[in-house]
Amino acid sequence: MIISKPDVANGKGHKPELPETSLVSDMDCLFREYLGGLSHCLEELAAQDISGVAELIYQAYSRRRQIFIVGNGGSASPPSPPKLKT
């Protein structure tokens, strides 16, 4: 979005110039693309694979072991340990 500076010489401001496509429709498009990709990834996962990973995590937890998860980033926040009820 381009916003023009106020005209200081005569004290009048200018209205912002709106882009041809609105920010809302751009965000909607990006959101739909993201959900489509996420849906595709989830469809490719087998429930058995997820159960196997969950079992490995539980075994490590019950044996008081550590789990290191490595990724390519994509999040601005650091990982935090899960809060498990005992």
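Residues numbered from 1 in each chain as written. Predicted model: local features only at pLDDT ≥ 70, side-chain atom pairs only at ≥ 80, totals over all residues. Heavy atoms only, no water.

Asker: Explain the overall build of the chain here, please?
Answerer: In terms of helices and strands, the chain carries two helices and zero strands. Looking at the chain as a whole, 1% of its 86 residues are labelled buried. If you sum the accessible surface of the chain, you get close to 8900 Å²; carbon and sulfur atoms cover 60% of it. (Helix = DSSP H or I, 4+ residues; strand = E, 2+ residues; numbered from the N terminus. Buried < 20%, exposed > 50% of the residue type's maximum accessible area, 1.4 Å probe, protein only. Areas by Shrake-Rupley, 256 points an atom, 1.4 Å probe, with all protein chains shown as cover.)

Asker: Help me understand helix 2 (residues 47-62) in this model?
Answerer: Because each turn of an α-helix spans 3.6 residues, side chains separated by three or four positions end up pointing in the same direction. With 16 residues, helix 2 should cover 22 Å at 1.5 Å per step; its first-to-last C-alpha distance of 22 Å lies within 8% of that length. Of the residues trailing helix 2, Arg64 is marked for its positive phi of about 55 degrees. (Expected span 1.5 Å × (residues − 1).)

Asker: What's the story with unusual backbone geometry in this structure? I'm lost.
Answerer: For residues other than glycine, phi is negative in most cases, and the peptide bonds are mostly trans. Of note in this structure, Arg64 is not a glycine but carries a positive phi near 55 degrees. Note that Arg64 resides in the segment after helix 2. With relative accessibility at 78%, the residue Arg64 sits in the exposed group.

Asker: Even after reading the chapter, I still don't get the pattern of salt bridges, so can you show me in this structure?
Answerer: Pairing between side chains of opposite charge can happen when their charged atoms approach one another. Per the stated rule, a full pass over the model turns up one salt bridge. For Arg32, the salt bridge goes to Asp28, with nearest N and O atoms at 3.0 Å. In this pair, Arg32 and Asp28 both sit in helix 1 (residues 23-44), four residues apart, roughly one turn of the helix. Under the relative-accessibility criterion, Asp28 is labelled partly exposed at 36%. (Salt bridge = Lys/Arg side-chain N within 4 Å of Asp/Glu carboxyl O.)

Asker: How should I be thinking about a nonpolar patch on the surface in this particular structure?
Answerer: A contiguous nonpolar patch, built from Phe31, Tyr34, Leu35, Leu38, Leu42, Leu45 and Ile50 and spanning about 700 Å² of accessible area, is present on the exposed surface. Among the elements that make up the nonpolar patch, the one with the highest residue count is helix 1 (five residues). Here Leu35 shows up in helix 1. Judged by relative accessible area, which is 37%, Leu35 ranks as partly exposed. (Patch = residues over 30% accessible without salt bridge, like charges linked within 9 Å, V, L, I, M, F, W, Y side chains within 5 Å.)

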